Amino acid sequence: MAMDTRLIGYLTRALDHEMAAVQQYMAQSRLCELWSVADYCAHFRQDVTEELGHVESLMDALLRLGVSPHATQLAPVRLGRSLEEMIAIDRVLEIEAVRLYEEAAAYCTRVRDFAHHAVFDRILRDELQHLEELDRMEASLRTKEKRYA
Ligand SMILES: [Fe+2]
Ligand SMILES: [Fe+2]
């Protein structure tokens, strides 16, 4: 079977994204530890674990296709100077992920590659959940602000 270069392109772009997300969430988790906000430190650490799960799925898919997986383009880490800024920055990251996985899944539907569609779709659902979590975190920060105002 001929190599689907477009599919490999999506898998590789996704791997770049996930490795960058791991780096960003890990750095934010450590920064929250320094700021002594333990709940946010734990939250970002949990994100690292979930994004690493995505790295694994993508690497498995690339390896099954006979491609050696390696991220080549890591986006720079953006930390944020406050929790509000962190959440805003992470929202951008997650929206980019959702767009990428929607496009990749739509491509797989078009070429009737249902196995890889399932890979992208599973990760897409997680990224949508990450966005919802960010919404919840933002709302709880706003409530705290009101309480202290
Ligand atoms: Fe992810
Ligand atoms: Fe995510």
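Our subject is the structure listed above.
Fair warning: this is a prediction, and the values are worked out from it, not measured in the lab.

Between helix H2 (residues 38-64) and helix H3 (residues 83-110), whose axes approach to 14 Å, the crossing angle comes to 15°. Between H2 and H3, the interaxial angle falls into the category roughly parallel. Between H2 and H3 the crossing geometry is left-handed. Here Tyr 40, Phe 44, Glu 51 and Leu 58 of H2 come into contact with H3, specifically with Leu 83, Met 86, Asp 90, Glu 94 and Tyr 101. A class-by-class count of the residues in the contact of H2 with H3 yields 6 nonpolar, no polar and 3 charged.

Before going further, it helps to examine the pattern of salt bridges. Counted by the stated rule, this structure contains 4 salt bridges. Here Glu 138 and Arg 91 are joined by a salt bridge, their closest N and O atoms 2.9 Å apart. Of this pair, Glu 138 sits in helix H4 (residues 114-148) while Arg 91 sits in helix H3, and the two are 47 residues apart along the sequence. Overall, Glu 138 belongs to the partly exposed group, its relative accessible area being 31%. Through salt bridges that share partners, Arg 91, Asp 135 and Glu 138 make up one connected network.

Distances from the iron ion (ligand 2) to its protein donors, Glu 51 (OE), Glu 94 (OE), Glu 94 (OE), Glu 127 (OE) and His 130 (ND1), fall within 2.0 to 2.3 Å. When the donor residues of the iron ion (ligand 2) are listed from N- to C-terminus, their spacing reads E-x42-E-x32-E-x2-H. Here the iron ion (ligand 2) and the iron ion (ligand 1) are spaced 3.7 Å apart, linked through Glu 51, which binds each one. With Glu 51 in helix H2 and Glu 127 in helix H4, the pair connects residues that are 76 residues apart, well separated along the chain. Grouping residues by exposure puts Glu 51 and Glu 127 together as buried.

Enumeration over the complete set of coordinates arrives at 3 aromatic pairs. Arranged with centres 5.7 Å apart and planes meeting at 45°, the rings of Tyr 10 and Tyr 107 form a pair that is tilted. With a gap of 97 residues between them, Tyr 10 in helix H1 (residues 5-34) and Tyr 107 in helix H3 connect regions that are remote in the sequence. Of the two residues, Tyr 10 and Tyr 107, both sit in the buried class.

Each value, and the rule that gives it
Residues numbered from 1 in each chain as written. Chains lettered and ligands numbered in written order. Predicted model: local features only at pLDDT ≥ 70, side-chain atom pairs only at ≥ 80, totals over all residues. Heavy atoms only, no water. Axes fitted to C-alpha atoms, helices over the stretch in contact; angles between N-to-C directions. Helix = DSSP H or I, 4+ residues; strand = E, 2+ residues; numbered from the N terminus. Parallel < 35°, antiparallel > 145°, perpendicular 65-115°, else oblique. Left-handed = near helix turned anticlockwise from the far one by under 90°. Contact = heavy atoms within 4.5 Å. Nonpolar A, V, L, I, M, F, W, Y, C, P; charged D, E, K, R; others polar. Salt bridge = Lys/Arg side-chain N within 4 Å of Asp/Glu carboxyl O. Buried < 20%, exposed > 50% of the residue type's maximum accessible area, 1.4 Å probe, protein only. Donors = N, O, S within 2.8 Å, 3.2 Å for Na, K, Ca; no water. Phe/Tyr/Trp six-rings, centres within 6.5 Å; stacked < 30°, edge-to-face > 60°.

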